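Residues per chain are reported as follows:
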Amino acid sequence: MGELFAGRAYAAMFVSLFVAFSTLYMFLLPSLPLGTPVPQAIGFLTPLQAAFALVFGFLIALVISLDALAFRMKASSARSLTVGSILASLVNGLCCTPVVPTIIAMTGASTPALFGLSPRIQAFFEFNYPYFYALSVGLLLISVHYVSRSIFSCCGAGRMASIGTVANVREQ
Amino acid sequence: MTGALGRMRTKKRGGHRKTAVLVGLLALLVAAGYLVLLPHGQPAGSSGQAAGVSTGTKLGEIAPDFRIQLTNGSNVRLEAFRGHPVLLWFVATWCSSCQVGAQLLSQQYYTRLRAKGVIILTVELYDNLGQPGPPISQFADQFAGGAKQGWLYGTSGQDTTYIYDPNAYLDIYYAIDSQGRILATGAGLPDSPGGIVSVF
């Protein structure tokens, strides 16, 4: 990872993305149960959500920066896992928004079935959302692992160091 | 032969990865579209308002009467509030959007609603829709600073929940005018807390 930041361009990209994604998640995570972005929701950010927002921001910034490096070096990237992790972190919205009851109602379910099924599904997401956040973190870590491995197996540390040097030279 | 098979497998794996990325992006788009575009509230006038005075839960209809057991132990009927506009809000006390909604209402909109003479009735959905959650009195204390003047909390029967919340939403509200007519309704009060003030 040290080699990644040898180039100031990549380090700047990482820091910018980290700040941008952390801020986005600090706003998004408390808004998700509401089903729509409500600016005031950031005032109700819990410590757990704040911690996950920072971790998501860090890992997503890292994956994207590594992906950029991999693209430059023609190594394969791990974007599908990143998308999966972002989706897993959005499940909190399945608790309190009308999406679950609406889908169940669209299947033609009667009122007793709706009352039996819909709250149970929504409660599952409400009570277990930290596990989905953890799953997101896990998928992001796998993404980081895959893209790092592909960079190393493709090009080796020597080439990475040279890319860092070239980037520095170009900036100067 | 083995090499050809290997290449086919590699191609297949690449295909799976592309499909996974596409499915993921599609799901993300659907989720984003839902969050941004789906209207959660129905302001009066957005659909055909019933001209008559029939009882029901549609816009323009008279809100069906029901009994509420308040947290102070007394019973009151919805009809008792005729003459005042009422914000009737059904919640499941375990749902986080209801908890955030109560905080938003308490901190930012309670004063404005009260200035318009609105009575706020927060009613727990029957048996919290079958899921474990704190009692409505605890919900009130924890998220809205307890009962306030013109803001009452209570529980109601199963029939009331079926009538007012046939789709089993966790959070559904009705804005009712002083004659008992429904002015607006929607799932997810916290989505439009500012909008609800302007309804009255």
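Residues numbered from 1 in each chain as written. Chains lettered and ligands numbered in written order. Predicted model: local features only at pLDDT ≥ 70, side-chain atom pairs only at ≥ 80, totals over all residues.

Quick look at the overall build of chain B
Heads up, the condition is: Secondary structure elements follow DSSP: runs of H or I of four or more residues count as helices, runs of E of two or more count as strands, with numbering from the N terminus. A residue is called partly exposed when the number of other C-beta atoms within 10 Å of its own lies between 12 and 20, exposed at 12 or fewer, and buried at 20 or more, with C-beta atoms placed from the backbone. With C-beta atoms placed from the backbone, a contact is any residue pair whose C-beta atoms sit within 7 Å.
When helices and strands are tallied, chain B shows 5 helices and 8 strands. Residues counted as buried form 38% of the 200 residues belonging to chain B. Residue pairs in contact within chain B that sit at least 24 positions apart in sequence constitute 74% of those at least 6 positions apart.

Notes on the overall build of chain A
Assigned secondary structure in chain A consists of 6 helices and 0 strands. Contacts in chain A between residues at least 24 apart in sequence constitute 78% of all its contacts with a sequence separation of at least 6.

Topic: helix α2 (residues 96-115) of chain B
For an α-helix the count is 3.6 residues per turn, leaving residues at separations of three or four pointing the same way. Residue and element names in this part refer to chain B. Here is the rule: Helices are assigned an expected span. That span is 1.5 Å times one less than the residue count. Bend at a residue means the angle formed by two fitted axes: the first through the 7 residues ending at that position, the second through the 7 residues beginning there.
Across its 20 residues, α2 extends 27 Å between first and last C-alpha, which sits within 8% of the 28 Å expected from 1.5 Å per residue. Approximately 65° is the largest bend angle found in α2, and it occurs at Tyr109. Within the span of α2, buried status applies to Ser96, Ser97, Cys98, Gln99, Val100, Gly101, Ala102, Leu104, Leu105, Tyr110 and Leu113. Downstream of α2 by one or two residues, Gly117 has phi in the positive range, about 80°.

Re the pairing of strand β4 (residues 86-91) of chain B
Residue and element names in this part refer to chain B. Applicable threshold: Think of it this way: DSSP has to see at least two bridges between two strands before they count as a pair. Viewed with both strands pointing away, a crossover whose connecting path from the first strand over the helix to the second turns clockwise is right-handed.
Where burial is concerned, most of β4 is hidden: 6 out of the 6 residues are buried. Burial along β4 is two-sided: Val86, Leu88 and Phe90 and Leu87, Trp89 and Val91, pointing in opposite directions, are all buried. As paired elements, β4 and strand β5 (residues 119-124) share 6 bridges and run parallel to each other. Bridge pairing in β5 links Val86 to Ile119. Remark: the β4/α2/β5 crossover connection has right-handed handedness.

Some thoughts on the pairing of strand β2 (residues 67-70) of chain B
Residues and elements named next belong to chain B. Summarising the sheet, β2 and strand β3 (residues 75-77) pair through 3 bridges and their orientation is antiparallel. Note that in β3 the partner of Gln69 across the bridge is Asn75. The antiparallel pairing of β2 with β3 creates a hairpin that spans 4 residues between the two strands, and Gly73 there sits at a positive phi of about 95°. Sheet analysis places β2 next to strand β6 (residues 151-155), joined by 2 bridges and oriented antiparallel. Note that in β6 the partner of Gln69 across the bridge is Thr155.

What to know about unusual backbone geometry
Trans is the common state for peptide bonds, and a negative phi is the common state for residues other than glycine. Residues and elements named next belong to chain B. Positive phi, normally seen in glycine, also occurs at Leu129, with a value near 55°. Unusually for a residue other than glycine, Ala168 sits at a positive phi of about 60°. By the element assignment, Ala168 lies in the loop between α4 (158-164) and β7 (171-176). Taking the C-beta count within 10 Å as the criterion, Ala168 has 29 such neighbours and is therefore assigned buried.

Some thoughts on the environment of A:Leu87
Residue and element names in this part refer to chain A. Here Leu87 shows up in helix α3 (residues 79-89). Looking at Leu87, the number of C-beta atoms within 10 Å reads 19, which means it is partly exposed. Distance from Leu87 to Ser136, taken between C-alpha atoms, is 7.9 Å for residues 49 residues apart in sequence.

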